[in-house]
2 protein chains.
Amino acid sequence: MLAIIVDKEQKKKDIALGTKALILQDGINNITISQIAKAANIGKGTVYEYFKNKDEIVFELVEILMQEHNERKEKQLSLHVSTREKVKSFFSFFYADEDKELREIYKQFTAIALSSTNKEMIAFQTECYILYEKWMENIIEEGIAKDELKSEAKELVMGIFAFAQGTFIMSVTTSAIEDLKQKIDTQIDILFDLMEK
Amino acid sequence: MLAIIVDKEQKKKDIALGTKALILQDGINNITISQIAKAANIGKGTVYEYFKNKDEIVFELVEILMQEHNERKEKQLSLHVSTREKVKSFFSFFYADEDKELREIYKQFTAIALSSTNKEMIAFQTECYILYEKWMENIIEEGIAKDELKSEAKELVMGIFAFAQGTFIMSVTTSAIEDLKQKIDTQIDILFDLMEK
DNA sequence: ATCATTTTGACCGACTGTCGTTCAATTATT
DNA sequence: AATAATTGAACGACAGTCGGTCAAAATGAT
């Protein structure tokens, strides 16, 4: 019973990870199921034992990579002391080299999610937003508790997170943004100058 | 020489607008070229005289609707007096009923743009960002000139605009956000409380 | 001016190739 | 023997192509 279920989940992950390189290189829209099957060393039909369609593979992949990322990031955040540095670290996802792959996958996933009505995808997006908003909330509240920040700062959590989302979309849809790290840091610095006591 | 001379640009617009209802209702991914041709009262082959592929139709549509929107919005903005109200008016795109159709089309366009390498699409996105950032910049600078805002506010223009983008993405990809107008207004109010002298 | 001829662009839908998806047959596992 | 997993051949849908038709406009002859 359980053993089989675990195996299925694991195999699903294996297939997704097996096609990661291909998806990163060409984008899910530019590769075929046959290519995917070949990359994962399985038959074409087997793909459909584990995924309802192509898009689901990207979904699985983003879930895997996101989880890994979150674990890494959680540790990373705890290393910083000042609230400002924590926020900056939080935003490093948008430019850090180590997150390059996840950014590309997340970009492709966003494109899919925007034109899909899949309940689970929407639920996943919602979960992510809630998680990150919670993180941000904790960071800001800690700053307020340490008397670093004004109490109004707490209300800006949603705004700060929306800023993050928007920055991401802008950075991946245009070539207009150079030196993203610099720009993000400036925004955080100015905002903190306003929020700090 | 030329035989029948049709205004190609105009016809392109006519076709795009002729399929607007269909695209709004079912989404570009769920309709066929044949349906599009039928909706626009032309033959299937003719579609390809004006568009390279399906996605280009959404692109044309977003360009048309965006231009109309910008003209409307520019007038709207000039009606407001206070900087805060202007910013709020700027953001009303994300929840106003009159912009509902454009939001849906823009959502579909974003999905396309995220997985496309089409130069013109990227250029269009960039243009939009630049235009809106400029609007925001003018609003904020006016506020500073009127001595309503601290001078640091100017540096936050990019951040405010990124916030707008992110808010949009979050609102269209999840069901998590209720009462969007309320939430946006709160963010603006808190931020202005910090930015005002 | 009138008419015949030629040229050209607009338009079209049958056709083709591709590819996502299904399914009956086969192989592996318990 | 029964059940589960795997497979690739076959299917069907559809995007995009292409050869051909048509009517308007240009040209030219009378």
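On a predicted model such as this, the values are computed, not experimentally measured, just so you know. (Residues numbered from 1 in each chain as written. Chains lettered and ligands numbered in written order. Predicted model: local features only at pLDDT ≥ 70, side-chain atom pairs only at ≥ 80, totals over all residues.)

1. Section: the interface of chain A and chain B
Contacts between the two partners involve 40 residues from chain A and, on the opposite side, 40 residues from chain B. When residues of the side of chain A that touches chain B are traced back to their parent elements, those giving at least two are helix 7 (100-114), helix 8 (119-145), helix 9 (157-173) and helix 10 (180-195) of chain A. It is helix 9 of chain A that contributes the most residues to the side of chain A that touches chain B, 12 residues altogether. Along the lines of polarity and charge, the residues of the side of chain A that touches chain B split into 19 nonpolar, 16 polar and 5 charged. (Contact = placed C-beta atoms within 7 Å. Helix = DSSP H or I, 4+ residues; strand = E, 2+ residues; numbered from the N terminus. Nonpolar A, V, L, I, M, F, W, Y, C, P; charged D, E, K, R; others polar.)

2. What about the relation of the copies chain A and chain B?
Both copies of the chain are related by one operation, a rotation about an axis with a shift along it. Take chain A, turn it by 180°, move it 0.0 Å along the axis, and it overlays chain B with an RMSD of 0.1 Å. The transformation relating the two chain copies, once decomposed into turn and shift, fits a two-fold axis. Residue by residue, 100% of the interface of chain A is reproduced at the interface of chain B, so both copies engage with the same surface. (Least-squares fit on C-alpha atoms with pLDDT ≥ 70 in both.)

3. A look at helix 8 of chain A
The end-to-end C-alpha separation of helix 8 of chain A is 38 Å, in line with the 39 Å expected for 27 residues at 1.5 Å each. All of the buried residues in helix 8 of chain A are A:M121, A:Q125, A:Y129, A:M136, A:I139, A:I140 and A:G143. For helix 8 of chain A, the elements touching its buried residues are helix 5 (54-79), helix 6 (83-91), helix 7 and helix 9 of chain A together with helix 9 (157-173) of chain B. Just downstream of helix 8 of chain A lies A:D147, where phi reads positive at about 65°. (Expected span 1.5 Å × (residues − 1). Buried ≥ 20, exposed ≤ 12 C-beta atoms within 10 Å, placed from the backbone.)

4. As for unusual backbone geometry
Its identity as a non-glycine residue notwithstanding, A:D147 has a phi of 65°, on the positive side. When you line up the elements, A:D147 lands in the loop between helix 8 and helix 9. Accessibility expressed as a C-beta count within 10 Å gives 10 for A:D147, which makes it exposed. Here the phi dihedral of B:N41 falls at roughly 60°; this positive angle occurs in a residue that is not glycine. Within the secondary structure, B:N41 is located in the loop between helix 3 (33-39) and helix 4 (44-50).

5. Considering helix 7 of chain A
The first and last C-alpha atoms of helix 7 of chain A sit 21 Å apart over 15 residues, in line with the 21 Å expected at 1.5 Å per residue. A:I105, A:Y106, A:Q108, A:F109, A:T110, A:A111, A:I112, A:A113 and A:L114 are the residues of helix 7 of chain A that are buried.

6. Let's talk about the confidence of the model for chain A
Per-residue confidence for chain A averages 92 on the pLDDT scale, and 95% of its residues sit at or above 70. Note that pLDDT drops below 50 for residues 1-5 of chain A; the model gives that stretch 0 contacts with residues more than four away or on any other chain. (pLDDT = per-residue confidence, 0-100.)

7. Describing the domain arrangement of chain A
All names here are of chain A. Split by domain assignment, chain A resolves into domain 1 (1-51) and domain 2 (55-195). The distance between the C-alpha centroids of domain 1 and domain 2 comes to 28 Å. Listed as interface residues are 12 residues of domain 1 and, on the opposing side, 9 residues of domain 2. Those elements that place two or more of their residues in the side of domain 1 that touches domain 2 are helix 1 (2-18) and helix 2 (20-26). For the side of domain 1 that touches domain 2, the leading source of residues is helix 1, giving 4 residues. (Domains from an automatic or database assignment.)

8. Here's the deal with the environment of A:A16
All names here are of chain A. Within the element layout of this structure, A16 appears in helix 1. Note on A16: 25 C-beta atoms within 10 Å, which makes it buried. Between the C-alpha atoms of A16 and K134, which are 118 residues apart in sequence, the distance is 29 Å. Leave out the neighbours within four places in its chain, and A16 touches I57, E60, L61 and I64.

9. Examining the environment of B:Q125
Along the polypeptide, B:Q125 turns up in helix 8 (residues 119-145). Along the backbone, B:Q125 and B:F109 are 16 residues apart, and their C-alpha atoms lie at a distance of 9.9 Å. Setting aside its immediate chain neighbours within four residues, B:Q125 contacts A:T173, A:T174 and B:A113.

10. Brief notes about the packing of helix 5 of chain A against helix 7 of chain A
Residue and element names in this part refer to chain A. Look at helix 5 against helix 7: their axes get within 9 Å of each other, and the N-to-C directions meet at 140°. By the criterion of interaxial angle, the relationship of helix 5 to helix 7 is oblique. Considering the relative orientation of helix 5 and helix 7, their crossing is left-handed. Contacts between helix 5 and helix 7 involve D55, V58, F59, L61, V62, L65, M66 and H69 from the first element and E101, L102, I105, Y106, Q108, F109 and I112 from the second. Class assignment of the residues belonging to the contact of helix 5 with helix 7 gives a composition of 11 nonpolar, 2 polar and 2 charged. (Axes fitted to C-alpha atoms, helices over the stretch in contact; angles between N-to-C directions. Parallel < 35°, antiparallel > 145°, perpendicular 65-115°, else oblique. Left-handed = near helix turned anticlockwise from the far one by under 90°.)

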